[in-house]
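Survey of secondary and tertiary structure
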Amino acid sequence: TAGTASSNMSSTSDFVGFASQAYTNGQTATINVVGNTATKSGLTAGTKYYVQNDGSLGTTAAASHSAIGGIALSSTKLLIKG
């Protein structure tokens, strides 16, 4: 995902979900949250993915936190776990 955002979350391990598309400053964003799916590419079905420090997904927890992004249902669909 591109861009930056600010949050009132108290911990780097807090995770809400994924934006449904790219947004610019001032736009209202739609966030897919826990229990929904997110469209991503290059996933391996059945694999657990963690949110990395830069917002990308990886198969191991980031050094500074261990927020679970979700479990891949297919090569393009992630079930958001949080």
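Our subject in this report is the structure included herewith. What you are looking at is a predicted structure, and each value in this text was computed from that prediction instead of being measured.

Across its full length, the protein holds zero helices and seven strands. Start at the N end of the protein and walk to the C end: the helices and strands fall as β-β-β-β-β-β-β. The proportion of buried residues among the 82 residues of the protein is 21%. Restricting the contact set of the protein to residue pairs at least 6 apart, pairs at least 24 apart contribute 42%. Approximately 5,300 Å² of the protein is accessible, and the part contributed by carbon and sulfur atoms is 49%.

Looking at where Gln52 falls in the secondary structure, it is placed in the loop between strand 4 (48-51) and strand 5 (57-58). We classify Gln52 as buried; its relative accessible area is 19%. For Gln52, the contacting residues outside a window of four places in its chain are Leu57, Gly58, Thr60, Ala61, Ala62 and His65.

Conventions adopted
Residues numbered from 1 in each chain as written. Predicted model: local features only at pLDDT ≥ 70, side-chain atom pairs only at ≥ 80, totals over all residues. Heavy atoms only, no water. Helix = DSSP H or I, 4+ residues; strand = E, 2+ residues; numbered from the N terminus. Buried < 20%, exposed > 50% of the residue type's maximum accessible area, 1.4 Å probe, protein only. Contact = heavy atoms within 4.5 Å. Areas by Shrake-Rupley, 256 points an atom, 1.4 Å probe, with all protein chains shown as cover.

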